[in-house]
Amino acid sequence: MKKLITILIFSLLMISATEYRPTANFHPTIEGTWELVSFYNYEDGVTPSDTLLIADGYRQIKMYYNGKVMWTRYVPNDSVEWFGYGSYETTDSTLTEKLEYMSASMRKITNSDMLWDMELLLEKDRYSQIFTDEEGNRINSENYKRLD
């Protein structure tokens, strides 16, 4: 009987000394390597009106790490180079990229401050960067899947 009481007390002591750690909610991160898979166009500024899939051979890759972003695009049968490098910041619902270095073709179409503020929809293995107009209405988006 003494052994049973000793084991019971020891067991209760071990259980009470154990720290309870609830499972943390998963918060996805944009850090990693991503590949463009489609575009959405928005007709009413809220919901996608159509989806455009990537053409065969077309590839666009983005890499986010430690506050830096780098991307490149390959278009078959096109000698124009598309790439860029810069910094990024995210919140739960926004992605801001500021390019510091880019291809000549990108420099021709970039805005003067080389800054892009986008709406961000981020999940574990996919994300969308949504471009909006001055009033906050959605125009179009680039949709990516995680590679790494």
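It should be emphasised that the depicted structure is a prediction, and the values quoted were computed from it without experimental measurement.

Engineer: Looking at this structure, I do not really get the pattern of salt bridges. What am I missing?
Structural biologist: Pairs can form between side chains of opposite charge whenever their charged atoms are close. Within the structure shown, the criterion is met by six salt bridges. Close ionic contact of Arg 146 with Asp 125 constitutes a salt bridge, the shortest N to O distance being 3.8 Å. Note that Arg 146 is positioned in strand S9 (residues 138-146) and Asp 125 in the loop between strand S7 (115-122) and strand S8 (126-132), a separation of 21 residues in sequence. Relative accessible area serves as the criterion here: at 44%, Asp 125 is assigned to the partly exposed category.

Engineer: What am I meant to see in the packing of aromatic side chains here?
Structural biologist: The way to describe two aromatic rings as a pair is by their centre distance and the angle between their planes. Within this structure, the stated rule accounts for five aromatic pairs. For the ring pair Tyr 64 and Tyr 88, a centre distance of 4.9 Å and an interplane angle of 80° mean the geometry is edge-to-face. With Tyr 64 in strand S3 (residues 59-65) and Tyr 88 in strand S5 (residues 82-90), this pair connects stretches of sequence that are 24 residues apart. Since its relative accessible area comes to 2%, Tyr 64 is described here as buried. Taking relative accessible area as the criterion, Tyr 88 reaches 10% and is therefore assigned buried. Considering the side-chain rings of Phe 83 and Tyr 101, the 5.9 Å spacing of their centres and the 35° angle between planes classify their relative orientation as tilted.

Criteria and cut-off values
Residues numbered from 1 in each chain as written. Predicted model: local features only at pLDDT ≥ 70, side-chain atom pairs only at ≥ 80, totals over all residues. Heavy atoms only, no water. Salt bridge = Lys/Arg side-chain N within 4 Å of Asp/Glu carboxyl O. Helix = DSSP H or I, 4+ residues; strand = E, 2+ residues; numbered from the N terminus. Buried < 20%, exposed > 50% of the residue type's maximum accessible area, 1.4 Å probe, protein only. Phe/Tyr/Trp six-rings, centres within 6.5 Å; stacked < 30°, edge-to-face > 60°.

Remember, this is a structural readout, not a statement about activity or role.
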